[in-house]
Amino acid sequence: MLTLRWDKPVRAGGHLIFGPLEAHNFMISDWPHRKDHDFAIAENAILAALDGRQSPDEAREKFEAALKSAQLN
């Protein structure tokens, strides 16, 4: 299985996230209870990147937007 990684990690709370799979795991286990529209968009983009329907860079942008919305960056 190919592991997708971003060129530069994303800081999420106290974590460094290196790619879409780690981002998805963070969203499942470490995200605050309040999940908004930006969360849903990011989650869909990350899942699409993991199965090749979207670029990892697009997923990263959506993930960063969701982090900002949740004040986790």
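Please refer to the structure placed before this passage.
Because the structure is predicted, anything quoted here is derived from the model rather than measured.

Draft legend 1. The arrangement of the nonpolar core in detail. If you look at the biggest cluster of nonpolar residues, it comprises 18 residues, and the most contacted ones within it are I17, F26, M27, W31, F63 and L67. The dominant element in this core, judged by the number of residues it contributes, is helix α2 (residues 37–50), at 5 residues. Non-local contacts of M27, meaning those with residues more than four positions away in its chain, are made with K35, F39, A42, E43, I46 and F63.

Draft legend 2. Local environment of a nonpolar patch on the surface. Together, L21, L47 and L50 line one region of the surface with nonpolar side chains, adding up to about 220 Å² of accessible area. Following the sequence through the fold, L50 ends up in helix α2.

Analysis parameters
- Residues numbered from 1 in each chain as written.
- Predicted model: local features only at pLDDT ≥ 70, side-chain atom pairs only at ≥ 80, totals over all residues.
- Heavy atoms only, no water.
- Core = buried A, V, L, I, M, F, W, Y, C linked by side-chain atoms within 4.5 Å.
- Buried < 20%, exposed > 50% of the residue type's maximum accessible area, 1.4 Å probe, protein only.
- Helix = DSSP H or I, 4+ residues; strand = E, 2+ residues; numbered from the N terminus.
- Contact = heavy atoms within 4.5 Å.
- Patch = residues over 30% accessible without salt bridge, like charges linked within 9 Å, V, L, I, M, F, W, Y side chains within 5 Å.
- Areas by Shrake-Rupley, 256 points an atom, 1.4 Å probe, with all protein chains shown as cover.
- Salt bridge = Lys/Arg side-chain N within 4 Å of Asp/Glu carboxyl O.

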